[in-house]
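Residue-level listing of the chains:
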Amino acid sequence: MILTLRGALLALIAGTLLVAAPPTPSEALFGLFKKKEEVIVGGQTGPATVSSADAAAKISAYRTSRGLSAVTVDGSLTAIALSQAQAMARANKMSHSLGGSFPSRLSRGGYDALIAAENLAAGPRNLDEAIASWQKSKGHNANLLKPGVTQIGIAVSYAPNSRYGNFWALVLGTPDDGQTQRGPDAGPAVAADGQ
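Procedures and definitions
Residues numbered from 1 in each chain as written. Predicted model: local features only at pLDDT ≥ 70, side-chain atom pairs only at ≥ 80, totals over all residues. Heavy atoms only, no water. Helix = DSSP H or I, 4+ residues; strand = E, 2+ residues; numbered from the N terminus. Buried < 20%, exposed > 50% of the residue type's maximum accessible area, 1.4 Å probe, protein only. Contact = heavy atoms within 4.5 Å. Pairing = 2+ DSSP bridges. Axes fitted to C-alpha atoms, helices over the stretch in contact; angles between N-to-C directions. Salt bridge = Lys/Arg side-chain N within 4 Å of Asp/Glu carboxyl O. Core = buried A, V, L, I, M, F, W, Y, C linked by side-chain atoms within 4.5 Å.

Engineer: Looking at this structure, how should I read the overall build of the protein chain?
Structural biologist: Counting its secondary structure elements, the protein chain contains seven helices and four strands. Shown N-terminal to C-terminal, the secondary structure of the protein chain runs as helices and strands in the order α-α-α-β-α-α-β-α-α-β-β. Split into buried and exposed, the 195 residues of the protein chain put 38% on the buried side. Contacts spanning at least 24 positions in sequence make up 72% of the contacts within the protein chain whose residues lie at least 6 apart.

Dropping the structure here:
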């Protein structure tokens, strides 16, 4: 059998078309909103781990290089992030609404937020991949660079039978210490005991 160049190209194109997978529900949903969501599929070698201190250092370096404040790790935000990462791994889907709305999850976690944002990811194999995926996304990058943010909590949960493997949750926030004046006529802050 003699294979011509044209025949080889047609065979390659036909093979590519047959192998192309349909979009996942997550990819289709984000396509509706014309928002690129970074989902890393394949190459999964096992459960990822994350050091909150390393995450705070990397996010702080990114923020301070742009004139913003550094962040520290907060235990409540870490617990909220872990709960969300585990919920996504159990459901095998990335969603901000698993376990309730973001404000309700913050409240249940005991975090009274003045500022709060959440970044999720499915598939990154390590912290660097997760942060890189958020930096590539306009909305997620805006959360990483949100002015006034002072604290983070981050977690990853592994779903062994999932095509994504690792599900990541990053919660960024600033606690409401009750001293923040709201509005132009708020007046001076008053201590809780009225003095």
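Engineer: Would you explain the sheet that holds strand β1 (residues 72-73) in this entry?
Structural biologist: Picture the strands of a sheet paired through backbone hydrogen bonds; they go either parallel or antiparallel. The four strands are arranged β1-β3-β4-β2 in an open sheet whose pairing can be described as mixed. This sheet does not close on itself; its edge strands, each paired only once, are β1 and β2 (113-122). In terms of strand pairing, β2 meets strand β4 (residues 166-175) through nine bridges, oriented antiparallel. Paired with Ala122 across the strands is Phe167, a residue of β4. Of the strands in this sheet, β1, β2, β3 (151-158) and β4 touch helix α4 (residues 75-91), which is tilted by about 25 degrees from β3.

Engineer: It is not clear to me how the pattern of salt bridges should be interpreted in this structure. Could you clarify?
Structural biologist: Side chains that differ in charge, positive against negative, can pair when their charged atoms come close. Taken as a whole, this structure holds three salt bridges when the rule is applied. With its nearest N and O atoms 2.5 Å apart, the salt bridge here joins Lys58 to Asp128. Of this pair, Lys58 sits in helix α3 (residues 52-64) while Asp128 sits in helix α6 (residues 127-136), and the two are 70 residues apart along the sequence. You can call Asp128 partly exposed: its relative accessible area is 46%.

Engineer: Just checking my understanding: could you explain the nonpolar core for this structure?
Structural biologist: Residues Ile59, Trp134, Ile152, Ile154, Trp168 and Leu170 are the most contacted members of the largest nonpolar core, which totals 21 residues. Of all the elements in the fold, those that place two or more residues in this core are α3, β2, α6, β3 and β4. In this structure, Ala81, Ala85, Leu98 and Ala122 belong to the second largest nonpolar core, which totals 20 residues.

Everything listed here is a matter of coordinates, which is why it stays silent on function.
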